Each structure stands twice: as structure tokens, then as C-alpha cells.
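# Fold and geometry: a report
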Amino acid sequence: MSTAYLIVTLAAAAFVGFSAVSVFTRAKWVVEPITEYGVPEAWWPWLGTAKAAGAVGLVVGLFVPAIGVAAAIGLVLYFAGAVVTVLRARSYTHVAFPLIYLAPVVASLALLA
């Protein structure tokens, strides 16, 4: 395991974990946009849980690489879906936000391979 992989993976897990906590605590800067995108409030706990599970999976992946790969792939799909959701809502100025979370996950996956 390289030092770069370790640092990038822990940073990715921290970013995604922060995002999960933001959904769980219903931070205003998260709730307002996802409401505008048309994401039903009933989905929010599931979305937060998916992010939290992905963050934990990235950390576990440091010890069990298959779990890390599965978590990273799941998070890539999650944030790709978030990009699509933002684009469908025509909120083009917000596209950068899911990409900010996606980038370290992709980097982690690339460094693992």
C-alpha cells in the first residue's frame, strides 16, 4: 500500500463522511439544493446511509482491498447519479459540488489499481 493511496483514501472517506453527516443533520446548505433538485425528503436518510457506508467501506478497504474497491465503485455511481440529478434540475452552477466529492474517490480507486 502506497502512502499516496493511504492519504487519498482517508481524505476521500473524510469528505464522503462529512457529506453523510451533512445530510443526517439536515444542514441548510445541503437541504435547500436537494429540495430544489426534486429529491424527495423520504430519500435523504437512505442517501446519507449510502454515503456513510461508502466512507466506512473506503477505510475498511485499507485492510480488505475488495471492500475498498466495492465501496469506491458504489460511491462513483452515487456521485455520478448526483451529477445527473443536478443536471436534470438545470442547476448547472451546482455541478461542481458532487464532482468535488467524486474526485478523491476516483483517485483512491485509481491508486488502488
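Residues numbered from 1 in each chain as written. Predicted model: local features only at pLDDT ≥ 70, side-chain atom pairs only at ≥ 80, totals over all residues. Heavy atoms only, no water.

## Observations regarding a nonpolar patch on the surface
A cluster of nonpolar side chains, namely Met-1, Leu-6, Ile-7, Leu-10, Val-56, Val-59, Val-60, Phe-63, Val-64 and Ile-67, defines an oily patch on the protein surface of about 910 Å² accessible area. Those elements giving two or more residues to the nonpolar patch turn out to be α1 (3-24) and α3 (44-60). If you trace the backbone, Leu-10 turns up in helix α1. Take Leu-10: its relative accessible area is 39%, and that puts it in the partly exposed class. (Patch = residues over 30% accessible without salt bridge, like charges linked within 9 Å, V, L, I, M, F, W, Y side chains within 5 Å. Areas by Shrake-Rupley, 256 points an atom, 1.4 Å probe, with all protein chains shown as cover. Salt bridge = Lys/Arg side-chain N within 4 Å of Asp/Glu carboxyl O. Helix = DSSP H or I, 4+ residues; strand = E, 2+ residues; numbered from the N terminus. Buried < 20%, exposed > 50% of the residue type's maximum accessible area, 1.4 Å probe, protein only.)

## A few points about unusual backbone geometry
The phi dihedral of Arg-26 falls on the positive side, at around 55°, and the residue is not glycine. Residue position: Arg-26 is located in the loop between α1 and α2 (28-36). Residue Arg-26 is classed as partly exposed on the basis of its relative accessible area of 38%.

## Focus: the packing of helix α4 (residues 65-88) against helix α5 (residues 96-112)
For the pair α4 and α5, the least separation of the axes is 9 Å and the interaxial angle reads 150°. The pairing of α4 with α5 is recorded here as roughly antiparallel in orientation. Of the two possible hands of crossing, α4 and α5 adopt the one that is left-handed. On the side of α4, the interface is formed by Pro-65, Val-69, Ala-72, Ile-73, Leu-75, Val-76, Phe-79, Ala-82, Val-83 and Val-86, while α5 contributes Pro-98, Leu-99, Tyr-101, Leu-102, Val-105, Val-106, Leu-109 and Leu-112. The class makeup of the residues in the contact of α4 with α5 is 18 nonpolar, no polar and no charged. (Axes fitted to C-alpha atoms, helices over the stretch in contact; angles between N-to-C directions. Parallel < 35°, antiparallel > 145°, perpendicular 65-115°, else oblique. Left-handed = near helix turned anticlockwise from the far one by under 90°. Contact = heavy atoms within 4.5 Å. Nonpolar A, V, L, I, M, F, W, Y, C, P; charged D, E, K, R; others polar.)

## Focus on the nonpolar core
Nonpolar side chains tend toward joint burial in soluble globular proteins. Ala-12, Ala-13, Val-16, Ala-55, Leu-58, Ala-71, Ala-72, Leu-75, Phe-79, Tyr-101, Leu-102 and Val-105 together form the largest nonpolar core, which totals twelve residues. Secondary-structure elements contributing two or more residues to this core are α1, α3, α4 and α5. No other element matches the four residues that α4 contributes to this core. Setting aside anything within four residues of it in sequence, one finds Leu-75 in contact with Val-16, Ala-50, Lys-51, Gly-54, Ala-55, Leu-58 and Val-105. Listed in part, the eleven residues of the second largest apolar core include Ala-27, Val-30, Val-39 and Val-83. (Core = buried A, V, L, I, M, F, W, Y, C linked by side-chain atoms within 4.5 Å.)

## What to know about the environment of Ala-53
Along the chain, the position of Ala-53 falls in helix α3. The exposure class of Ala-53 is partly exposed, given its relative accessible area of 48%. Residues Ala-53 and Glu-32, spaced 21 residues apart in sequence, show a C-alpha to C-alpha distance of 23 Å.

## Some thoughts on the side chain of Ser-108
Mapped onto the elements of the fold, Ser-108 is located in helix α5. Beyond its immediate sequence surroundings of up to four residues, Ser-108 is in contact with Tyr-5, Val-8, Thr-9 and Leu-58.

## Some thoughts on the confidence of the model for the chain
When the pLDDT values of the chain are averaged, the result is 92; 100% of them are 70 or greater. Within the chain, no element has a lower average pLDDT than α2, which sits at 88, and none a higher one than α3, at 96. (pLDDT = per-residue confidence, 0-100.)

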